[in-house]
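Chain by chain, the residues:
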Amino acid sequence: MFSILNKQILGPNIKRLDISAPLIAQKARPGQFVMIAPFARSEAIPLSVVKVSPEKGIITLIVQEIGETTQQLGNMPLNEPLFSMAGPLGKSFRPEKLGQVVCVATGIGAAQILPIAQSLKDAGNKVLGVLGAKTRRELFLEPQVRPACHQLFVGTEDGTYQQKATASILVKKILGKEDIRLVYAVGSLDMMSEICQMTKEKQIPMLVQLDFPISCPTGVCASCRIKVGGRWVLGCEEGPEFDGHQMDFDDLQKRRDAWEEFRTQHQPQEAMSLSKMFLEAWKK
Amino acid sequence: MLQPRPTVQHKEKRLKNFEEVSQGLAKRVCFEEAKRCPQCSDPTCKPGCPLGIDIPGFIRLLREGETTQALQKIQEENDFPAICGRVCLAPCEKSCVLEKEGAAIGIRALERFAADHGKTRSAMDEHRRPRLQRVAIVGSGPAGLAAAARLSRRGYAVTVFEASALVGGILRYGVPEFRLPRQVLDQEIEGLKTKGVQFQTNAHLGRMFSISKIFEQGFAAILLAVGTGAPRLGSIPGEELAGVYYGRELLMKIHLARQKNLMKNFPMALGAQVVVLGDGYLAVDCARVCARRQTQVSLVFSRAEEELKIHAQDREDMMEEGIQIMPSTQVLEIISNSAGAVSGVRCVRMDFADPFSDGNWQLVAVPDSEFIIDAQTVVLASAESQVTPLQHWIPELRIQNERIWIDSQTAMTSMQGVFAAGDVVTGAGRLVDALASGKRVAENIDEYLKAK
C-alpha cells in the first residue's frame, strides 16, 4: 500500500511528499511520472517523480496545490494509505556525459527540471541552471534546484529578485559565452519556443518536457494527443520528453489557446450548493 | 404479440440523471414472454449466440418458474449473465424464428431477469480439482474476465493484471452507468474474487513488468487480453480543432473523473450542439451522455438507418432521449471558426447506386447534396482503432494486419505459452464476441497446460 511518510512545505501552496512505493522506486528514472489518486472518488493526476531512493523504497513528489485533487493530496494525513498510484510512466531521460549543459525552468517546471539537473550532474556534466519567474512570489523551489546545479541563474521579469530578465534572456547570455552541449527546458511554451529558436541557430541539441492532459496512462483514450513534427503522437506513450527542434510551438500555442477559449465558453456550470449560496449572501 | 418492453425510467426524468434506464422485465411479463417461446426442436437461436448458451433450455426453466435453475443453465456457458443481459447486442434475437414476424423473443431481457432474480451457485459448490499451475491474464476487460472465470473453474490459480486503478476495463471505463450500473459490475467481479481469482491493479504490461518477468514469477501461461489501442488519429480533416473529442476519450474521461454526481460535476466542456459520428454502441453511448447534458445531439453515420449496430431496445431508449439521427450521411470535414474551434460539420448525402452499371450496388455520394450542420462539439466515435501499443514493449510478438497474430488452432501467439484473446486479435467488435473469445482461449490454455 502506498502512504505518505513525510511532508514538507516548500513554499506557498507547494509541498514535498515522500511516499513509500518500493516497486515504483526500483524502476523510476528521471523524467518519468506517476498517476496518483488520493481517494477512491478523486481523479488520478500525473506528477513527475522528483527523487527516488530505491534502497528505502521511497519516491519524492512535489505538488502545487492548485486543483481539487492536488489539495486533497496535500491535505492527506501521514501514513494514511493512498487509493492508487500507477507508475513509473512515460519515457525516461537518459543522461550522458556531454560537458556543459543548461537546464531551464519557469514556474512549477522547476519541480520537473530538478531530477533532470541532478541526473546530469551525477553523470559528470557541468550543469548551469536557469530559473525564471514573473515576480519573486512566483519563483518556486530555488533552494532545492541550487544544489542540483553547479551554477544557478535566477531572473524575475519585474526585477524583484536577483536579475531583471526573463529565462530566455539569461539563456541567450549563457549561450553567447559558453560552449553548451545540451539545453533542457521545462515551462511555458513562449520560453521554450524562444530558446528553441536560439539553439536551432547554434545547432545545439534541445529537449523539452511538455504538459498535456492525461486521463488514462495506458494509451487508449487519446486525450493526450499532441502534434510533433507534423504527426500525431500519444503524449503518455512517447512523452513527456520531446526533441525541441521538431516541435511546432506556434501551432501548439494556437491549439492550446483555442481549447482554453472553448473550455471557458462551454465550461459546465457548477450547481450552487447550499453552503456556497449562504456564503455569497453573507458576502453581500 | 410484439416483444414486451422492460420498465424504463420516464424519458424526461432519465435525462436528469445517470442511473440505469432499463429496470428489467416485471415477473408476470417475464413468464408470459417465456411462454411465447415456441421451443423449436432445432433451435436457430442457439447457434446465433457466440457463447453457445442453451437458450431454449433456460427459457423452459424460466416458464416453469425455476429462475435459479435457469440462471445456472446460463452460467454453464456464460459467466456474466447480469452484464450480458444488459449490454449484449443479442445476435440470438436476430436468429430467432419469430424475427421474420418482427417479434423475436426478448432473450436478452429474459437473461437479465434470471440474473437479477436467480441465486448464483456459491463458490463452495463448484467441484474443483486443485491444480498447481498458475495463469496470468493481462487486461481485465470482457475477454480477460471471461477467461479468468473459465480458467478458475478448471482449477487454475488465476491472476489478472490491470493497468488502471479499478478492474473492469472497457466495462467500467467505456460503458456508461445508465446502461451498466457499476454495482452490477462490482458484484460480478466480487464473485470472481470469491472463486479465488486474484487481481493486481495499477500493473501495466511493458512499463512495469515484462512477459519474461511473469514467467519468472512461476506462471505457466499468459493470456493477453488488452483490447484495442487509441482511436485512429487524423482520419477526417479538421480533427485538430478545439471542440473535437474522440468517443473513447469522452467516455473514459467522465468515468475516470469518478465524480459521485455526474449531473452536478461534469468534467468536460460541451457546446450547445453536438455532432456524434459513428454507428456502434460507442457512438450511441456518447450521444446519450451528451443528451444528459441538455445539448442538442445529432448522430451522423454513413450507413442506412436500419444498419445501426445496436439492440432494438437501446435504440428505442435512444430515440426517446431526443437524439436526432442522420443516416446515409458522410462527413467530409470539420469546419472551424476564426478562433480555431469547431463551428460545424460539412456533410454529403449518400445513397445506393450502381456507378459502373455492373450490378455492383454501393453507397456513393449524391451529387450537389452537400450541407452543413452547425455544431460546437464533434465526437468522433467510429470503432476504428489503432493497434495496441503492445508491440513497443514486446517486439517478439508477430503482428498481422495491425493485430496480434494467433494460431487458429491453438490460439497461441508467436511466443511459446503466450495466448491472446478479444479485441486485440479481432479488432474492435461486439462485447459478446470478446466474452466468447476469452472463453474459447481459456479452453485452449487448458489443453496446452494439460499436454505440458
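Conventions and cut-offs
- Residues numbered from 1 in each chain as written.
- Chains lettered and ligands numbered in written order.
- Predicted model: local features only at pLDDT ≥ 70, side-chain atom pairs only at ≥ 80, totals over all residues.
- Heavy atoms only, no water.
- Helix = DSSP H or I, 4+ residues; strand = E, 2+ residues; numbered from the N terminus.
- Buried < 20%, exposed > 50% of the residue type's maximum accessible area, 1.4 Å probe, protein only.
- Contact = heavy atoms within 4.5 Å.
- Areas by Shrake-Rupley, 256 points an atom, 1.4 Å probe, with all protein chains shown as cover.
- Phe/Tyr/Trp six-rings, centres within 6.5 Å; stacked < 30°, edge-to-face > 60°.
- Buried area = accessible area lost by both parts, 1.4 Å probe.
- Salt bridge = Lys/Arg side-chain N within 4 Å of Asp/Glu carboxyl O.
- Polar contact = N/O pair within 3.5 Å; in protein donor to acceptor, adjacent residues only side chain to side chain.
- Disulfide = S-S within 2.5 Å.
- Domains from an automatic or database assignment.
- Patch = residues over 30% accessible without salt bridge, like charges linked within 9 Å, V, L, I, M, F, W, Y side chains within 5 Å.
- Pairing = 2+ DSSP bridges.
- Axes fitted to C-alpha atoms, helices over the stretch in contact; angles between N-to-C directions.
- Expected span 1.5 Å × (residues − 1).

Details of the overall build of chain B
- Scanning chain B from terminus to terminus reveals 18 helices and 16 strands.
- Considered along the principal axes of its C-alpha atoms, chain B spans approximately 65 × 55 × 55 Å.
- Taken over 452 residues, chain B has a buried fraction of 58%.
- For chain B, restricting intrachain contacts to residue pairs at least 6 apart in sequence, the fraction spanning at least 24 positions comes to 67%.
- On chain B, roughly 19100 Å² of surface is accessible, and the fraction owed to carbon and sulfur atoms is 48%.

So, the packing of aromatic side chains
- Enumeration over the complete set of coordinates arrives at eight aromatic pairs over all chains.
- When the centroid spacing of 5.6 Å and the interplanar angle of 85° are considered together, the rings of A:Trp259 and A:Phe262 count as edge-to-face. Residue A:Trp259 and its partner A:Phe262 are both found in helix 8 (residues 249–266); the two are separated by three residues, about one turn of the helix. Assigned by exposure class, A:Trp259 and A:Phe262 land together as buried.
- Seen from their ring centres, B:Phe161 and B:Phe209 are 5.0 Å apart, and the 45° between their planes marks the pair as tilted. Linking B:Phe161 in strand 2 (residues 157–161) with B:Phe209 in the loop between strand 3 (198–200) and helix 12 (211–216), this pair joins segments that are 48 residues apart in sequence.

Notes on the interface of chain A and chain B
- Between chain A and chain B, the residue contacts involve 41 residues of the former and 45 residues of the latter.
- In total, chain A and chain B occlude about 3600 Å² of area from one another, counting both sides; carbon and sulfur atoms represent 59% of this.
- The largest share of the area that chain A buries against chain B comes from A:Arg41, A:Val220 and A:Phe262, three residues that together contribute 16% of it.
- Inspection of the region where chain A meets chain B yields two salt bridges.
- The shortest N-O distance in the salt bridge between B:Glu249 and A:Arg225 comes to 2.9 Å.
- Seen at the junction of chain A and chain B, the total is five residue pairs in polar contact (both at pLDDT 80 or more).

Side note on the pattern of salt bridges
All names here are of chain B.
- Under the criterion given, the structure shown has 40 salt bridges over all chains.
- Here glutamate 33 and arginine 36 are joined by a salt bridge, their closest N and O atoms 3.0 Å apart. With glutamate 33 and arginine 36 both in helix 2 (residues 27–36) and three residues apart, this pair spans about one turn of that helix. A single burial state applies to glutamate 33 and to arginine 36, both of which are buried.
- Residue arginine 154 is joined to aspartate 446 by a salt bridge in which the shortest nitrogen-to-oxygen separation is 3.3 Å. Here the residue arginine 154 occupies a position in the loop between helix 9 (142–153) and strand 2, and aspartate 446 occupies one in helix 18 (residues 431–451), the gap between them amounting to 292 residues.

Examining the state of the cysteines
- Going through the model one piece at a time under the given rule, you end up with zero disulfides over all chains.
- Not engaged in a disulfide, the cysteine A:Cys236 finds its nearest cysteine sulfur in A:Cys224; these two sulfurs lie 3.6 Å apart.
- The thiol of B:Cys30 is not disulfide-bonded; the next cysteine sulfur, from B:Cys37, is found 12 Å away.

Focus on the domain arrangement of chain B
Residues and elements named next belong to chain B.
- Per the domain assignment, the segments making up chain B are domain 1 (11–117), domain 2 (128–229 + 385–451) and domain 3 (244–380).
- Once you take the C-alpha centre of each, domain 1 and domain 3 turn out to be 30 Å apart.
- Between domain 1 and domain 3, the residue contacts involve 13 residues of the former and 17 residues of the latter.
- On inspection of domain 1 and its partner domain 3, the count reaches three salt bridges.
- At the junction of domain 1 and domain 3, the tally comes to eight residue pairs in polar contact (both at pLDDT 80 or more).

A look at a nonpolar patch on the surface
All names here are of chain A.
- The grouping of Phe278, Leu279 and Trp282 at the surface amounts to a nonpolar patch, some 420 Å² of accessible area in total.
- Tracing the backbone shows phenylalanine 278 in helix 9 (residues 274–283).
- On the basis of relative accessible area, phenylalanine 278 is assigned to the exposed category, the value being 60%.

Describing the environment of A:Phe93
Residue and element names in this part refer to chain A.
- Mapped onto the fold, phenylalanine 93 is located in the loop between strand 6 (84–89) and strand 7 (100–106).
- Assessed through its relative accessible area of 4%, phenylalanine 93 is described here as buried.
- Distance from phenylalanine 93 to arginine 29, taken between C-alpha atoms, is 7.1 Å for residues 64 residues apart in sequence.
- The contacts of phenylalanine 93, once residues within four sequence positions are left out, are Arg29, Pro30, Ile116, Ser119, Leu120, Leu182, Tyr184, Leu207 and Glu241.

Things to note about the domain arrangement of chain A
All names here are of chain A.
- Under the domain assignment, chain A is made up of domain 1 (3–89) and domain 2 (100–259).
- Listed as interface residues are 13 residues of domain 1 and, on the opposing side, 15 residues of domain 2.
- Interface area, domain 1 with domain 2, both sides summed: about 1300 Å², of which 74% is carbon and sulfur.
- At the boundary of domain 1 with domain 2, the tally comes to zero salt bridges.
- Linking domain 1 to domain 2 there are zero residue pairs in polar contact (both at pLDDT 80 or more).

Describing the sheet that holds strand 16 (residues 418–420) of chain B
Residue and element names in this part refer to chain B.
- The five strands are arranged 3-2-1-4-16 in an open sheet whose pairing can be described as parallel. Here the strands that pair on one side only, and so sit at the sheet edges, are strand 3 and strand 16. The average angle at which neighbouring strand axes cross in this sheet is 25°, direction not considered.
- Relative to strand 3, strand 2 runs parallel, the two being bridged by three bridges. Note on strand 3: the bridge partner recorded for valine 160 is phenylalanine 199.

Some points on helix 11 (residues 182–194) of chain B
All names here are of chain B.
- With 13 residues, helix 11 should reach 18 Å at 1.5 Å per residue; the first-to-last C-alpha distance of 18 Å fits that figure.
- Buried residues along helix 11 sit against helix 6 (81–87), helix 9, helix 10 (170–173), strand 3 and helix 13 (247–256).
- Of the residues one or two after helix 11, glycine 196 is the one with positive phi, at around 105°.

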